[in-house]
Amino acid sequence: MKNFTVEEVELHNKPNDLWVIIDAKVYDLSKFANIHPGGSWALFDEDVAGKDATEAFYSLHRHEVLEKPQYKRLQIGTIQGEKSSIVGRVPGALSTVPYAEPTWLSEGYHSPYFTEKHREFQRVTRQFVDKEIYEDAQARELDGKPPSKSVLKKLSESNFLAMFMGPGPHLKGRTLFDGLISPEEFTPLHELIMAQEVGRINARGYIDGLFGAKVISLPTVLHFCKNEELRTRVVEGVLSHEKITCLAITEAYAGSDVMGMKTNAVKTEDGKSWIINGTKKWITNGVYADYFIVGCKTESGFTVILVERERGGIDTRLIKTSYSTTAGTSFITFENVKVPVENTLGEEGGGLFVILSNFNHERWGMCCFAVRAQRTVVEECFKWINQRKAFGKPLVRQAVIRHKLAKMIAQVESEQAWLESITYQMCNMTYKQQADLLAGQIALLKSFITNNGEEIASDAQQIFGGRALTQTGMGRVIEHFHRTVEFDAVLGGAADVMADLGVRQAVRSMPINARL
């Protein structure tokens with residue numbers, strides 16, 4: 001491209017002959033001016049036309065705008081002797097914005113948990129997420145369609161979902177990230193890394209549909225399906241992304257109170273099949289699911305049954321929520337659905353144990369996602385307060401703004417530290433020890449994170465102002481977070497219920513001889 005002097009650019013400041021400088025790059029806006037979304041008058045401002053409009057541009061637009069093909073082609077050259085200094089999103093790269101990364105990934109800091117092998121795993125994971133998932137996530141979050149088949153193919157080839165399920169026998173014999181790590185080496189710390197890398201993409205509905213619904217439903221088949229052929233068929237189908245599963249417990253009649261549900265299963269006279277009737281509501285992935293993990297009332301009590309869509313009698317309808325329909329949230333009707341008794345997961349009447357067995361892992365996973373989403377908000381706020389001016393000076397010069405950000409940083413850093421501590425314990429405890437010792441801590445952490453999330457959403461919205469109310473533009477990340485943050489406070493156990501559970505778990509361990 002040609003090099004121009006600042007003086008040369010200044011000559012092009014009229015209708016049909018309009019140039020501007022943005023970050024040492026020269027753009028010809030002569031033809032674009034009349035179709036500028038903000039009107040042509042904004043481009044003919046005396047501080048813009050023929051001038052260095054870098055500050056004006058970044059006060060109104062995200063850098064990604066300049067990287068779109070229709071705007072990138074408007075560049076005609078660069079300023080002689082100057083270099084561009086603003087860097088956009090670089091796939092796989094770490095952010096250098098303060099507190100944008102957890103401490104263990106920040107230059108100069110150390111960690112008692114993570115090694116150089118973990119850092120290499122993180123690098124590969126971030127490159128994969130940025131290259132294979134990010135763009136599809138943004139598009140699907142907007143149009144509400146399910147994840148693209150090309151993405152599912154890449155996920156299958158890397159065994160991404162299998163790793164996302166955590167350590168276990170299901171990893172045996174699988175090649176993870178082209179052999180980067182063996183199944184035997186994979187620990188909850190690696191799972192934490194994966195969850196937080198996915199949590200960066202700012203597409204909550206997409207994440208819940210692509211990963212969340214499967215992570216909370218497939219373990220019931222892995223651990224409680226007694227029919228080996230059925231278990232293998234379902235698990236392999238889901239892990240290869242050829243099939244989709246969902247957890248169908250919640251009803252309009254009963255949420256946390258699973259014993260209040262009305263969906264029922266009655267055995268046929270020969271005792272070989274279940275006949276299921278009832279409804280389920282707010283079921284993530286239900287619209288697309290091939291397999292339904294259904295909580296039912298039976299003669300023996302609460303029972304969980306695996307139901308294949310192909311058996312008929314199942315109707316699924318899309319429910320619109322505050323996040324994208326890409327999650328496939330649904331209302332499900334079961335009418336005289338006949339299922340073999342071999343599809344019973346666990347024991348008849350033992351459904352509560354089946355469901356509760358994965359609660360700790362589900363809640364811990366939600367904590368991983370939530371902390372990373374909050375950290376992304378902190379990064380967005382840091383960038384904004386340094387480039388946005390109000391009353392003639394950058395927002396960062398306002399003490400009240402610095403105070404809000406200080407609180408947000410403290411909240412996110414304390415959450416991350418507690419999360420890493422719990423995850424390290426998971427690496428060194430048996431499943432039973434985790435159930436006994438970590439259930440209360442995970443519940444308290446989830447309550448702490450979700451309460452903080454609501455405050456962070458509110459503070460970030462105040463920092464961004466009206467821009468945080470629109471789904472596009474400068475404040476789109478904040479708007480999305482503010483709109484979806486309550487999912488963390490409701491799904492997997494309400495914040496108040498989690499706080500109470502954590503304290504009740506602690507009271508059980510209270511020594512009887514402890515006195516003031």
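Residues numbered from 1 in each chain as written. Predicted model: local features only at pLDDT ≥ 70, side-chain atom pairs only at ≥ 80, totals over all residues. Heavy atoms only, no water.

**Points about the packing of aromatic side chains**
So, step 1. Taken as a whole, this structure holds 19 aromatic pairs when the rule is applied.
So, step 2. Ring centres of Tyr113 and Tyr424 lie 5.2 Å apart, and the angle between their planes is 35 degrees; on these two criteria the pair is classed as tilted. Linking Tyr113 in the loop between strand 5 (75-79) and helix 4 (116-143) with Tyr424 in helix 12 (residues 399-427), this pair joins segments that are 311 residues apart in sequence.
So, step 3. For Tyr113, a relative accessible area of 21% puts it in the partly exposed group.
So, step 4. Since its relative accessible area comes to 35%, Tyr424 is described here as partly exposed.
So, step 5. Residues Phe128 and Phe160 carry aromatic rings whose centres are separated by 5.1 Å and whose planes lie at 20 degrees to one another, so their mutual orientation is stacked. Highlighted residues: Phe128 in helix 4 and Phe160 in helix 6 (residues 160-164), separated in sequence by 32 residues. Exposure class is identical for Phe128 and Phe160. Each is buried.
So, step 6. Put simply, the rings of Phe121, Phe128, Phe160, Phe164, Phe177, Phe186, Phe211 and Phe369 pair up and form one aromatic cluster.
So, step 7. If you follow Arg89 out to its NZ or CZ, it ends over the ring of Tyr134, 3.6 Å from the centre.
So, step 8. Stacked on the ring of Phe359, the Lys or Arg Arg363 has its end atom at 4.4 Å from the ring centre. (Phe/Tyr/Trp six-rings, centres within 6.5 Å; stacked < 30°, edge-to-face > 60°. Helix = DSSP H or I, 4+ residues; strand = E, 2+ residues; numbered from the N terminus. Buried < 20%, exposed > 50% of the residue type's maximum accessible area, 1.4 Å probe, protein only. Lys NZ or Arg CZ within 6 Å of the ring centre and 35° of its normal.)

**Section: the packing of helix 4 against helix 7 (residues 188-199)**
So, step 1. Between helix 4 and helix 7, the shortest axis-to-axis distance is 9 Å and the interhelical angle comes to 30 degrees. Taken together, the axis directions place helix 4 and helix 7 in an arrangement best described as roughly parallel. Relative to helix 7, the crossing made by helix 4 is right-handed. Across the interface between the two elements, His118, Phe121, Gln122, Thr125, Arg126 and Val129 from helix 4 touch Leu189, His190, Ile193, Met194, Glu197 and Val198 from helix 7.
So, step 2. Across the contact of helix 4 with helix 7, the residue classes tally to six nonpolar, four polar and two charged. (Axes fitted to C-alpha atoms, helices over the stretch in contact; angles between N-to-C directions. Parallel < 35°, antiparallel > 145°, perpendicular 65-115°, else oblique. Left-handed = near helix turned anticlockwise from the far one by under 90°. Contact = heavy atoms within 4.5 Å. Nonpolar A, V, L, I, M, F, W, Y, C, P; charged D, E, K, R; others polar.)

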